[in-house]
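# Results of the structural survey
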Amino acid sequence: MWHPKTVEFDDRIKKLFDEVDDYIESLYGARYPLHPVRLPRGETSNPEMDGLFNIGANFTPGFGSELGRGYVIDVSMSTLEKIDEDIRREIYETAAQKVKELLPVHFPERELTVLRDRDQYKIQGDFSLGEI
């Protein structure tokens, strides 16, 4: 069972990443063929399940990280083709920049930002739930 404030936070971050997914699909979605078992963009009610990209974030306590805890931005591509490392990096950086742009829209009451942590991008800041 989850606390309602945790559920609300997760719902808001999901909406943010659905917007990022849509943005990245618009820019890069036609560059590579879809994996044979992946549905085309817009074919499901959940952007995580269709199109070339699945973009989201996973919480990490940050052990071994210079920045500590946060949400690591994850960009997965559903294709069998080899993706050039420069293109993969460009997509990842573009997604991270869009997340940074949308954080104040979806979380205006929080101080959140996106920082590079070694070879990944991480959402950092105020994840408190306030009074529980």
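Everything that follows concerns the structure shown earlier in this document.
So, on to the pattern of salt bridges. In this structure the tally under the stated criterion is 10 salt bridges. Note that Glu8 and Arg12 form a salt bridge whose closest N and O atoms lie 3.3 Å from each other. Here the residue Glu8 and the residue Arg12 both occupy positions in helix α1 (residues 4-28), the gap between them amounting to 4 residues, near one helical turn. For Glu8, a relative accessible area of 40% translates into the label partly exposed. Measuring nitrogen to oxygen at the nearest pair gives 3.9 Å for the salt bridge that ties Arg88 to Glu85. Pair noted here: Arg88 and Glu85 are both in helix α2 (residues 85-106), with a separation of 3 residues, about one helical turn. Counted as one network, the salt bridges with shared partners bring together Glu8, Arg12, Glu109 and Arg110.

Compared with the 36 Å implied by 1.5 Å per residue over 25 residues, the 36 Å span of α1 between its first and last C-alpha is a close match. Restricting attention to buried positions, one finds in α1 the residues Thr6, Phe9, Arg12, Ile13, Leu16, Phe17, Val20, Asp21, Ile24, Glu25 and Tyr28. Contact partners of the buried residues in α1: β1 (53-60), β2 (70-77), α2 and β4 (120-125).

Attention now moves to the pairing of β2. If a strand is regular, its side chains alternate between the two faces of the sheet. β2 sits mainly inside the fold: 6 of its 8 residues count as buried. Strand direction decides the pairing type here: β2 and β4, joined by 2 bridges, are antiparallel. Residue pairing across strands places Val72 opposite Lys122, the latter belonging to β4.

A few words now on the environment of Arg31. When you line up the elements, Arg31 lands in the loop between α1 and β1. Measuring from C-alpha to C-alpha, the distance between Arg31 and Ile83 comes to 9.9 Å, with 52 residues separating the pair along the chain. Discounting residues that sit within four places of it in the chain, Arg31 has contacts with Ile87 and Glu90.

Right, let's get into the environment of Gln120. In this structure, Gln120 sits in strand β4. In this structure Gln120 comes out as partly exposed when scored by relative accessible area, which is 27%. When the C-alpha positions of Gln120 and Tyr92 are compared, they lie 8.6 Å apart, and in sequence the two are 28 residues distant. Leave out the neighbours within four places in its chain, and Gln120 touches Val72, Tyr92 and Leu115.

Here the focus is the packing of α1 against α2. Running from N to C, α1 and α2 point in directions that differ by 140°, and their axes come no closer than 9 Å. Taken together, α1 and α2 sit at an angle that is classed as oblique. Like other packed secondary-structure pairs, α1 and α2 cross with a definite hand, here right-handed. Contact residues: Arg12, Lys15, Leu16, Phe17, Glu19, Val20, Tyr23, Ile24, Leu27 and Tyr28 in α1; Glu90, Ile91, Thr94, Ala95, Lys98, Val99, Leu102, Leu103 and His106 in α2. Its residues placed into classes, the contact of α1 with α2 shows 12 nonpolar, 2 polar and 5 charged.

Definitions and limits used
Residues numbered from 1 in each chain as written. Predicted model: local features only at pLDDT ≥ 70, side-chain atom pairs only at ≥ 80, totals over all residues. Heavy atoms only, no water. Salt bridge = Lys/Arg side-chain N within 4 Å of Asp/Glu carboxyl O. Helix = DSSP H or I, 4+ residues; strand = E, 2+ residues; numbered from the N terminus. Buried < 20%, exposed > 50% of the residue type's maximum accessible area, 1.4 Å probe, protein only. Expected span 1.5 Å × (residues − 1). Contact = heavy atoms within 4.5 Å. Pairing = 2+ DSSP bridges. Axes fitted to C-alpha atoms, helices over the stretch in contact; angles between N-to-C directions. Parallel < 35°, antiparallel > 145°, perpendicular 65-115°, else oblique. Left-handed = near helix turned anticlockwise from the far one by under 90°. Nonpolar A, V, L, I, M, F, W, Y, C, P; charged D, E, K, R; others polar.

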